[in-house]
Amino acid sequence: MKRSITRREFLKDSAAGSLSLAALGCSSLSPGVSQQSRDQQRVGDYRVYFGDLHNHNSVGYAQGSLARTFEIAREHLDFFAFTPHGYWHDIGHYENNIENKWFNGFEVTKKRWPEVVAIVRKHDKPGTFVPITGFEWHSTSLGDYHILYPYVDGEYVRFDDLRQFQQFAKQRRAILIPHHPSNRLGHRGTNLKWLDPEVSPVIEIFSEWGNAEHDRAPSPYVRHTEGGRWTQNTLQHFLAEDYRLGVVASTDDHLGYPGGYREGLAAVLATELTREAIFDAIRNRRTYAVSGDRISLDFRLNGHLMGQEVPYTRRRELAVNVTGWDQIDRVEIIKNNRVLHRDFPMDRVPTARSWNKPVILRFEHGWGPWPALDMTRICDWDIHITLKNGVLEDVQTCFQSGPLDENRRDKIVERSDRHLRLQSFTALRQQFEDYSTKAVVLKVKGGPDTQVTVSLKAPTRVSLSQTFKQLAKSNEMLFTGDFPKESAMLHRIVFHDHYQTSYEVSDVDEGKDVNWYYLRVVQANEQFAWSSPIWVESNTNQEKSSRYTNGRLPLRSHPQSLRL
């Protein structure tokens, strides 16, 4: 059986001509194609790498094997932190003794910690895939954190005091990331009065919990017991309180599926794909968050990248460059939590010249029987996508975490510049946000006469052919049989006019207060991206602020002196 092709293998090896596609049953790719894919992942002197920094499996109290988790991660992520459930210092006694679920999980993590370290060491391949050692620390009163070690042999430890945990992390140059921050204080919501920015430079604002940007943002907190989002524990409130935090997203997935689509990914701007470069990016807040699609985002103020603090300047030139994987509804520059400027790429009218740039083509599969019919079978898909008079330039997979299956895999098993073979499986169970579908998105250089043919070898032999001219007007469905059999869809193509935007906006401010700016991207398919903020110091108080010394928050009072 042909082995699958990982994302990094294609981006790295094909440019050098070292990837033997012939051995995989594929024709060769032209150097220009692969180089274009690589260039799209650049922001200035940095490359953009995508990963998951917060994920769970059966080591702890979640599901899915340890080996499967790392196999999935290396297939489609650049970096990955497995963060088993480690400790809960102020856990209570709850209904039906459910606290035993956590206690038992912590013991599993303690017992199997050597396996965790060993599998991180096994998969550590700088330049190809960077696994990161870490674990999660719970707190009812202070909020949850996960620790990330800058070396493979991270320790498993238990602390009852957050200050001691922070000191431990500081001594080891580790990073602590607060996550699902928007729970109510005292109900596992993040208490930033305890923040030590030296070890916590970023915060996780999106995961399977939902979106913590503000309390009325899309993707609310609805999948857990602890209520919804508390206004005072959202990103915008923290920024208004002068906390200077970069942003990331990660899945917090409990089915052992790193990088599950729609659950969140972290993007870092790093010089290379190494553990050192990734940690340097996080410490310096050269990070951004995406919900699912790997949106390319470049946001600068007077040339300064996201995450930086800028001395006062009256005139600010804000530069935006965004490339999405679907039609972009809007791109918003946020200043002090208000929209300063909106750009609407979706309103542009394509012309004949639009065919000169690649188009986006999404194939989505997995619609199945209505859940009320209680038909939760797994459908196995063998999908062949062939292009005529067109060239495949890049691919993004959109695989969600469910259904959990130890033996099946979603992956690209063949790829050339005109052909893609996809192995996948879907079911209407263990779904995330009621989506049973998965997808693959192609970036194709073609024209109105380019033809795409989707041929299924499984679950049944059926095919669908459309020209790009047809797909520019309407999507089209593919049915595997009569109702209630599974179905799929070729979406309408998305022109470059609609998935890419680049512009500059000027802002003038007299600088009476510190200003912060960040970028928010909203795609038509409800996938999002958020940049880390850029701060501009006030004109009246540049050398120091009420909260910061040299850009760092001072440590607050001892935890016992705080009232929650």
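Use the structure listed above.
Residues numbered from 1 in each chain as written. Predicted model: local features only at pLDDT ≥ 70, side-chain atom pairs only at ≥ 80, totals over all residues. Heavy atoms only, no water.

Caption draft 1: Quick look at the overall build of the protein. If you tally the helices and strands in the protein, you get nine helices and 32 strands. Pairs at least 24 residues apart make up 73% of the contacts formed inside the protein by residues separated by at least 6 positions. Taken as a whole, the protein presents about 22,100 Å² of accessible surface, with 46% of it coming from carbon and sulfur. (Helix = DSSP H or I, 4+ residues; strand = E, 2+ residues; numbered from the N terminus. Contact = heavy atoms within 4.5 Å. Areas by Shrake-Rupley, 256 points an atom, 1.4 Å probe, with all protein chains shown as cover.)

Caption draft 2: Representation of helix α4 (residues 99–123) within the structure. Relative to the 36 Å expected for 25 residues at 1.5 Å per residue, α4 spans 33 Å between its end C-alpha atoms, a close match to the ideal helical length. Packed against the buried residues of α4 are α3 (66–76), β3 (79–82), β4 (85–88), β5 (130–138) and α7 (275–283). (Expected span 1.5 Å × (residues − 1).)

Caption draft 3: Structural view of the sheet that holds strand β16 (residues 315–323). Taken together, four strands build an open sheet; the order of strands is β14-β13-β16-β29 and the sheet is antiparallel. The open sheet is flanked by β14 (304–305) and β29 (500–508), the only strands paired with a single partner. Relative to β14, strand β13 (residues 296–301) runs antiparallel, the two being bridged by two bridges. Considered in β14, the bridge of R300 is made with L305. (Pairing = 2+ DSSP bridges.)

Caption draft 4: Structural detail: the side chain of S200. By the secondary structure assignment, S200 is in the loop between β7 (175–179) and β8 (202–207). A distance of 2.7 Å separates the side chain of S200 from the backbone oxygen of L176, its partner in a polar contact. Setting aside its immediate chain neighbours within four residues, S200 contacts Y145, L176, P178, L195 and L245. (Polar contact = N/O pair within 3.5 Å; in protein donor to acceptor, adjacent residues only side chain to side chain.)

Caption draft 5: Up close: the pattern of salt bridges. One pass over the structure, following the stated rule, counts 36 salt bridges. Residue R285 is joined to E309 by a salt bridge in which the shortest nitrogen-to-oxygen separation is 2.8 Å. You can see R285 sitting in the loop between α7 and β12 (287–290) and its partner E309 sitting in strand β15 (residues 309–310), a full 24 residues away along the chain. A cluster of three or more residues bridged by salt bridges with shared partners is formed by E213, D329, R330, E332, R342 and R520. (Salt bridge = Lys/Arg side-chain N within 4 Å of Asp/Glu carboxyl O.)

Caption draft 6: Main features of empty space enclosed by the protein. Applying the stated criterion to the full structure yields four cavities of 30 Å³ or more. Each pocket or cavity is described by its volume, and for the second largest cavity that value is around 60 Å³. Around the second largest cavity, the lining residues are H76, G259, Y261, L265, G292, R294, Q396, T397, C398 and F399. Of the residues that constitute the lining of the second largest cavity, the class distribution is four nonpolar, five polar and one charged. (1 Å grid on protein atoms, 1.4 Å probe; cavity = no way out; pocket = protein on both sides within 12 Å on 5 of 7 lines; lining within 4 Å. Points joined across faces, edges and corners; volume = space filled by probe spheres on them. Nonpolar A, V, L, I, M, F, W, Y, C, P; charged D, E, K, R; others polar.)

Caption draft 7: Spatial organisation of the pairing of strand β21 (residues 391–398). Counting buried positions over the eight residues of β21 gives seven, a clear majority of the element. As paired elements, β21 and strand β24 (residues 438–445) share seven bridges and run antiparallel to each other. When the sheet's bridge partners are listed, Q396 is paired in β24 with V441. (Buried < 20%, exposed > 50% of the residue type's maximum accessible area, 1.4 Å probe, protein only.)

Caption draft 8: Representation of the side chain of S139 in the model. Checked against the element boundaries, S139 lands in the loop between β5 and β6 (144–148). Here the side chain of S139 touches S141 through a polar contact of 3.4 Å, side chain to side chain. In this structure S139 touches W88, H89, D90, D144 and R188, once residues within four positions along its chain are discounted.

Caption draft 9: Region of the structure containing α3. Of all 11 residues that make up α3, eight are buried, and the element is covered over most of its length. Among the residues making up α3, those that are buried are L66, R68, T69, F70, I72, A73, E75 and H76. Where α3 begins, the capping side chain belongs to S65, and its oxygen is found 3.1 Å from the backbone nitrogen of R68.

Caption draft 10: Just the layout of surface pockets, in detail. Empty space within the largest pocket amounts to approximately 760 Å³. Mapped by element, the contributors of at least two residues to the lining of the largest pocket are β4, α4 and β5. Across the lining of the largest pocket, the residue classes tally to nine nonpolar, 12 polar and 11 charged. Volume-wise, the second largest pocket comes out at about 440 Å³. If you go around the second largest pocket, you meet 24 residues; those closest to its centre are D326, R362, H491, A524 and N525.

Caption draft 11: Representation of the environment of E393. For E393, the location among the structural elements is in strand β21. Each C-alpha atom, one on E393 and one on V444, is 5.5 Å from the other, the two residues being 51 residues apart in sequence.

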